[in-house]
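# Summary of the model geometry
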Amino acid sequence: MKKTNIFILLLCLFSLYSCLEDNGNYDYADVNEAKIRFSTSNYSAVLGDTITMSPVITYADPSDTARFSYEWYVDGKLETTDRVLKLCRNEVVSYTCVFMLVDSRTGVKQFEGQVGVAFTSPYLEGWMILYEKNDESEIGFISFKNTGSGVEYKPMYDQYRAMNDNTSLGKEPVKLVQHFARGGGEDEVLVIQRGGQGNVELNGRSLVKEILMKQEFLDEKLPDDFMPVDATYPQYRNLILNHDGKLYSRFIQTPNLGFHTAAYNDVPFQYADDSKKGMEISQIILNAYHRTQHVMLHDRLHNRFLCMNMGSTSTAGVIYEMACATAYPKDYAPLDGMGDDVEMLFASSYADAFNGICSYAMILKWPDGEYTFQRFNYNSYKDENQVTLPGKDATQPFDGWAYITPETEFFMLRRTGDFLFFTGGTNNDILYYYSVPDKKTFLYKDFAGERITSLHPNLNSKQLGVGLENGEFVLFDVSSATAVATRPVIELYRKEGFGKIKDIIYKYSSATNLYM
């Protein structure tokens, strides 16, 4: 019996020694020791805002909370060891975030939570405002959303500094131009300005600087006397219009590759087969080029219209003369040469169609002092390139001539072409509109001394945004039901504080809606 007791004692001592010598980590996790839950499985915020994710942890033993530490992984990388995760991003991104408890006794990481996070753009669609403040260019934005009780607007100020590490956009702002890459829904916005870093492309979703226009020219060499006034971005050929009437161009072989895949040539674009030898472009006439597959140009040197084909890699950049299917009426200025004494004051497209057909309108001043509103249709489908006239109303008197000044701003509601808004008054502070069906001009709004600097309608031309030099943005309902003299002016929204407004645009959410 004594021998048996001694044997058992020796066996126990050996077993204890073996346990003390075992340094292995078996990573056993007791999943019942803590439970984690979140208020939602997906979080979202607009750029610049902060998402806060705070897991609710229930411990099996509440007195044992010091036993655990925390780890948050964002897109597979350790973000923080705090219990609460706070994320802020200035780019459109989405992540999977994983929360883990770490057992300090065993070193075991207990996976307990996974949530989705998305940062979306507040600049997807709305009103974009270019203004001058403290002698610098800046960007403002007004977003909107439909609620059960109406439309909620959100103004945002000084967004370039906010999204670009508090750096300056530039000086002497001129114009905004939105454009899309064919390969996807991404967009950029060109800021034309005279000072600071010069003309710059911004990411349309974040307003972060993408590239300077100088960097988009061959060898980063800008042409002499380079001061652009406009640009257009059809998928196969992009054009920059300089103040002296010269066009600078780049050919896009593969649009699906996105932005900045080709350089601009610093040699002006030449019309190779021009019988009149030379051109000075006064205006790139705005149209929905993704539908029309052409760009209309006005050449001030010969006072004519030229059409540049944009339909394919083989035809992009080919220029066509304006050949009319019928003889022009005697009171109609021929589009291939309106004469030295006829002055074009305004031109716009309207009713853009997917089949290449687009309508155009203009205001002309004749040598005898008469003013006319003149229209034509153009068809570039299957290389037809033919002008047709809209019947008896191809030209009609324009009775708003007395209100026009050198500072007059024009904008046609392009959905139907029925209404042309324009400014006048001694301080450019009165808004008029010309009703094409009525052939008559009406007073729309007197801003009582506050200078109007920019006009732009929204998608489908049912609203009109007005920018004032005093920094106010005003939005009106100009749908067909309200844009008649017998109806009251309906002001939808007004906001001040944007500095001296230079340009406003409606920023479209997709390429298919651009300029519609």
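In the block above lies the structure referred to throughout.
Right, let's walk through the structure included here. (Residues numbered from 1 in each chain as written. Predicted model: local features only at pLDDT ≥ 70, side-chain atom pairs only at ≥ 80, totals over all residues. Heavy atoms only, no water.)

### Remarks on the pairing of strand β10 (residues 126–133)
- Along β10, seven of the eight residues are buried, which leaves the element largely enclosed by surrounding structure.
- The sheet contact formed by β10 and strand β37 (residues 500–507) spans seven bridges and is antiparallel. The residue bridging Trp127 from the neighbouring strand is Tyr506, located in β37.
- The pairing of β10 with strand β11 (residues 136–147) spans seven bridges and is classified as antiparallel. In the strand pairing of β11, Tyr131 is matched with Glu138.
- Between β10 and β11, which pair antiparallel one after the other, the connecting turn spans two residues, and Asn134 there sits at a positive phi close to 55°. (Buried < 20%, exposed > 50% of the residue type's maximum accessible area, 1.4 Å probe, protein only. Helix = DSSP H or I, 4+ residues; strand = E, 2+ residues; numbered from the N terminus. Pairing = 2+ DSSP bridges.)

### What about the side chain of Glu132?
- Of note, Glu132 is situated in strand β10.
- Buried within the structure, Glu132 lacks any salt-bridge partner; Lys502 is the closest side chain of opposite charge, at an N-O distance of 4.0 Å.
- Apart from the residues lying within four places of it in its own chain, the contact partners of Glu132 are Glu172, Pro173, Gly499, Lys500 and Lys502. (Lys, Arg positive; Asp, Glu negative; His and termini not counted. Salt bridge = Lys/Arg side-chain N within 4 Å of Asp/Glu carboxyl O. Contact = heavy atoms within 4.5 Å.)

### Quick notes on the pairing of strand β35 (residues 473–477)
- Judged by how many residues are buried, β35 sits mostly within the fold: five of five residues are covered.
- Because side chains alternate across β35, one face comprises the buried residues Phe473, Leu475 and Asp477, and the other comprises Val474 and Phe476, equally buried.
- Taken together, strand β34 (residues 463–468) and the strand that follows it, β35, pair antiparallel across an intervening segment of four residues, in which Gly471 is found at a positive phi of about 95°.
- Bridge analysis of β35 against strand β36 (residues 490–495) gives five bridges, and the strand direction is antiparallel. Its bridge partner lying in β36, Phe473 is registered against Lys495.

### Structural notes on the environment of Thr395
- Structurally, the position occupied by Thr395 is in strand β28 (residues 395–397).
- Residues Thr395 and Leu301 lie 94 residues apart in sequence; the distance between their C-alpha atoms is 23 Å.
- Not counting residues up to four positions away in its chain, the partners in contact with Thr395 are Asp331, Tyr332, Thr372, Phe373 and Gln374.

### A short note on the sheet that holds β37
- Spatially, the four strands line up as an open sheet ordered β12-β11-β10-β37, and their pairing is antiparallel. In the strand order of this sheet, the two ends are held by β12 (150–156) and β37, each with one partner. Averaged over all pairs of adjacent strands, the angle between their axes in this sheet comes to 20°, without regard to strand direction.
- As defined by bridge partners, β11 adjoins β12 across seven bridges and the pair is classed as antiparallel. Its bridge partner being in β12, Phe141 is matched across the sheet by Met156. (Axes fitted to C-alpha atoms, helices over the stretch in contact; angles between N-to-C directions.)

### Some words on the sheet that holds strand β23 (residues 319–320)
- What the four strands build is an open sheet, ordered β20-β21-β22-β23; its pairing is antiparallel. In this open sheet, the two strands that pair with only one neighbour each are β20 (281–285) and β23.
- Where strand β22 (residues 304–309) and β23 come together, two bridges link them in antiparallel fashion. Note on β23: the bridge partner recorded for Met308 is Ile319.

### Here we look at the side chain of Gln193
- Turning to its location among the elements, Gln193 is positioned in strand β14 (residues 187–195).
- Look at Gln193 and you get buried, because its relative accessible area is 2%.
- Among the polar contacts made by the side chain of Gln193, one reaches the main-chain carbonyl oxygen of Leu169 at a distance of 2.9 Å.
- A polar contact is formed between the side chain of Gln193 and the backbone nitrogen of Lys171, at a distance of 3.4 Å.
- Leave out the neighbours within four places in its chain, and Gln193 touches Ser137, Leu169, Gly170, Lys171, Glu172, Pro173, Val174, Gly198, Asn199 and Val200. (Polar contact = N/O pair within 3.5 Å; in protein donor to acceptor, adjacent residues only side chain to side chain.)

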